[in-house]
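Inside the fold
Okay, here's what each chain looks like letter by letter:
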Amino acid sequence: MSRHDFPGGIYPPERKQRSLTAPLRVAPLPAQVVLPLDQHVGKPALPCVAVGERVKVGTVVARKGGLVSANVHASLSGTVREVSPQSVTIVGDGDDEWQRLAPLDWRRAEPSALVSRLDDSGLAGLGGAGFPTHVKAQVSLQQPIDTLVVNAAECEPYITADDMTLRHYAAQVLEGAAILATLCAASRIVVGIEDNKPEARQALQAALPQVPSPLPVTLEVIETRYPSGGERQLIKKLLGRDVPSGGLPADVGVLCHNPGTLLAAQQAICEGTPLVERIVTLTGEAIERPGNYWVRLGTPIEGLLQQAGLAPDALHQVVVGGPMMGRALASLDVPVIKTTNCLIAATRQELPPAPDASPCIRCGACETVCPVQLLPQQLHWHAQSGHDAALEKQHLFDCIECGACSFVCPSHIPLVAEYRTAKQRIRLKRIETAKAEHARHRFEFRQARLAREEAEKQARRQARLAQQRQPSSSGAEPRNAELPAVDLRSLRIAQTAARAAVKKAEKALARAVAEDPQQSQEDLEMQLATAQENLLAADARLADARAREREQTTP
């Protein structure tokens, strides 16, 4: 396979070794768990249990709240203590009694059964934003997929959860990749891993002959450079394909999954285990026992860190995720969720506060390291001035917020924070514009519905007239023998155009859901419904015209 490269990138201190010195461990069961209902991208799940109800590990406590959503399962056996629109709290009984689903043979099961299992198990991406896996598994219905990429780069400093996952579960990860590749009709699997993970690479190489994959699997070792684990950057590195501006990996025939997600998929299908726990990296100089732990979802972060030997006097901040793209917690009174891959308990010397920002000196360092080839300096000026149209023209939303520009800025300007604020401001403006558009689309939908009802009414009228025109038993001439001319060509063109409008609206809705599942798609759903009404009206007019043509040509 030919090698390619993405532009920019940086080489921050890796700081991974501290969490790799200990073997994979299991965190003690917490006394209670708090399960947020928005642990995934999309609409929050809806609680389906009551206070006082007894649950087992794996019992569904909240069902998905929409097309892009995910179930939430109990991660402790015990009693439901509190239910709110935001979370479900369970007090454990110490029995750790499980409720699993029946295992499936993915080689023989229907694709619909496998998708349903992913859906029922509450799977969401464990390495990124938490996109529901069952939705991602069906992307090939909209875009053809030829390659499934296993994103084992894990390029951000400190994080080693995927590394440890591959060391211990390489065969299961590859089997999960085979399952999802089969679902999306891919023709090959490519594993991309950085060269700083020799043990994980050896485990993968040893597991390759054992995996019952019907597809060829290629292991590609790439240079350690941040952010090689970004989807666009990894696809460019492995396949030489450029994801278009504003596009998705599916636009170039690729689907990406990280090892943790693939392991969870394999366990859900082959073992019937829903997503109730995950591997989390606990690291930082303010804890005594760093390492990787199997942690139940909903476990309080403060208690988890205390079990790992947290030194409160040395603690400066706790970062969820890595130091480049993660966020500092304002409070430790929050739980581990599906997307919690790393907790860094850092001292002040380890992750010191950023110095005060100075004016930009136009050095161009930010532009040099940008992996998306944006112009961070120009974005900085436009963001400060509130020039949103210019920001969009400069492809602000292509920014992956990797933090490389902020990392190299000699003026310590918080560039990524500025971009995030600008993105949010633009999104709010789009929502306001969408409200006005939605009112117009509601009117268009009503007009389309009335047109469809009128077309159906005319079709029924013509059918009655046709019946009246049939010769009577007495041999009398039929009434209304003169019929208007039928223009089938124009009606067929109108039907084709209406059908194309439906497909366009379907694709627009699917793309919007994939790009920003948290935004309401009510307006696009209205546009699709309008197009469907127009198609029904066109179908009715054409059917009526064909019936009249048959009458005119029948002797």
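Notes on the structure follow. If you're wondering where the values come from, they're calculated on a predicted model, not measured in any experiment.

Rules behind the numbers
Residues numbered from 1 in each chain as written. Predicted model: local features only at pLDDT ≥ 70, side-chain atom pairs only at ≥ 80, totals over all residues. Heavy atoms only, no water. Pairing = 2+ DSSP bridges. Helix = DSSP H or I, 4+ residues; strand = E, 2+ residues; numbered from the N terminus. Contact = heavy atoms within 4.5 Å. Axes fitted to C-alpha atoms, helices over the stretch in contact; angles between N-to-C directions. Salt bridge = Lys/Arg side-chain N within 4 Å of Asp/Glu carboxyl O. Buried < 20%, exposed > 50% of the residue type's maximum accessible area, 1.4 Å probe, protein only. Polar contact = N/O pair within 3.5 Å; in protein donor to acceptor, adjacent residues only side chain to side chain. 1 Å grid on protein atoms, 1.4 Å probe; cavity = no way out; pocket = protein on both sides within 12 Å on 5 of 7 lines; lining within 4 Å. Points joined across faces, edges and corners; volume = space filled by probe spheres on them. Core = buried A, V, L, I, M, F, W, Y, C linked by side-chain atoms within 4.5 Å. Parallel < 35°, antiparallel > 145°, perpendicular 65-115°, else oblique. Left-handed = near helix turned anticlockwise from the far one by under 90°. Nonpolar A, V, L, I, M, F, W, Y, C, P; charged D, E, K, R; others polar.

A few words on the sheet that holds strand E1 (residues 25-26). Taking strand neighbours across the sheet as the criterion, the six strands line up as E1-E14-E13-E17-E15-E16 in an open arrangement whose pairing is mixed. Every interior strand has two partners, whereas the edge strands, E1 and strand E16 (327-328), have only one. In the packing of helix H3 (residues 161-183) onto the sheet, contacts are made with strand E13 (277-283) and strand E14 (291-296), and the angle to E13 comes to roughly 125°.

Cis rather than trans, the peptide bond between tyrosine 226 and proline 227 has omega equal to 0°. Note that proline 227 resides in the loop between strand E11 (217-222) and helix H5 (231-239). Even without glycine at this site, aspartate 96 takes up a positive phi of about 50°. Within the secondary structure, aspartate 96 sits in the loop between strand E8 (87-92) and helix H1 (111-120).

A word on the pattern of salt bridges. As enumerated under the stated definition, the model contains 26 salt bridges in all. Linking glutamate 97 and lysine 56 is a salt bridge whose minimum nitrogen-to-oxygen distance equals 3.3 Å. Taken together, the residues span a long stretch of sequence, with glutamate 97 in the loop between E8 and H1 and lysine 56 in the loop between strand E4 (54-55) and strand E5 (60-63) at a distance of 41 residues. On the basis of relative accessible area, lysine 56 is assigned to the partly exposed category, the value being 29%. The residue aspartate 388 makes a salt bridge to arginine 425 at a minimum N-O spacing of 2.8 Å. Highlighted residues: aspartate 388 in helix H10 (residues 388-393) and arginine 425 in helix H12 (residues 415-469), separated in sequence by 37 residues.

What follows covers the environment of tyrosine 226. Among the secondary structure elements, tyrosine 226 is positioned in the loop between E11 and H5. In this structure the C-alpha to C-alpha distance between tyrosine 226 and cysteine 155, which are 71 residues apart in sequence, comes to 5.5 Å. Excluding its chain neighbours within four sequence positions, the residues that come into contact with tyrosine 226 are Gly9, Ile10, Pro12, Cys155, Glu156, Met324, Met325 and Cys402. Of the polar contacts made by the side chain of tyrosine 226, one reaches the backbone oxygen of cysteine 402; its length is 2.6 Å.

For the second largest pocket, the calculated volume is near 1000 Å³. Along the walls of the second largest pocket sit 29 residues, with Pro323, Met324, Pro352, Ala354 and Phe407 positioned nearest its centre. For the lining of the second largest pocket, the secondary structure elements donating two or more residues are strand E15 (317-320), E16, helix H11 (404-408) and H12. Per element, the largest residue contribution to the lining of the second largest pocket is four residues, and it comes from H12.

For the rest of this paragraph, the subject is the nonpolar core. Val61, Ile90, Leu282 and Leu343 are the most contacted members of the largest nonpolar core, which totals 83 residues. Among the elements that line this core, the one with the most residues is H3, at 13 residues. For leucine 282, the contacting residues outside a window of four places in its chain are Ser19, Ile287, Pro290, Gly291, Tyr293, Leu304, Leu305, Ala308 and Leu343. Cys366, Leu379, Ala383 and Cys405 belong to the second largest nonpolar core, which has 17 residues in total.

Take serine 87: it is sitting in strand E8. With sequence-adjacent residues up to four places away left out, serine 87 is seen in contact with Val34, Leu35, Pro36, Leu37 and Glu82.

Take the sheet that holds strand E3 (residues 46-47) next. Pairing is antiparallel across the open sheet formed by three strands, whose spatial order is E3-E5-E6. Only two strands of the sheet have a single neighbouring strand rather than two, namely E3 and strand E6 (72-73). Where E5 and E6 come together, two bridges link them in antiparallel fashion. Note that in E6 the partner of valine 60 across the bridge is histidine 73.

Our next topic: the packing of H3 against helix H6 (residues 259-271). Following both chains from N to C, one finds H3 and H6 inclined at 60°, their axes separated by 7 Å at the closest point. When the interaxial angle is binned, H3 and H6 end up oblique. Here the hand of the crossing between H3 and H6 comes out left-handed. Together, Asp162, Thr165, Leu166, Tyr169, Gln172, Val173, Glu175, Gly176, Ala177, Ile179 and Leu180 of H3 and Pro259, Gly260, Leu262, Leu263, Ala265, Gln266, Ile269 and Cys270 of H6 make up the contact between the two elements. Residue classes in the contact of H3 with H6 are distributed as 12 nonpolar, five polar and two charged.

Where burial is concerned, most of strand E17 (residues 342-346) is hidden: five out of the five residues are buried. Along E17, one buried face is formed by Cys342, Ile344 and Ala346 and the opposite face, lined by Leu343 and Ala345, is buried too. Direction of pairing for E13 relative to E17: parallel, over a ladder of three bridges. From the neighbouring strand, leucine 282 faces E17, where its bridge partner is leucine 343. When E15 meets E17, the two strands line up antiparallel, connected through four bridges. Directly across from glutamine 317, in E17, lies its bridge partner alanine 346.

Here we take up the packing of H1 against H6. It is the contact of H1 with H6, at a shortest axis distance of 10 Å, that shows an interaxial angle of 115°. With respect to each other, H1 and H6 are oriented roughly perpendicular. Relative to H6, the crossing made by H1 is right-handed. Each of Leu114, Arg117 and Leu118 in H1 lies in contact with H6, whose residues at this interface are Ala265, Ala268 and Ile269. Its residues assigned to classes, the contact of H1 with H6 comprises five nonpolar, no polar and one charged.

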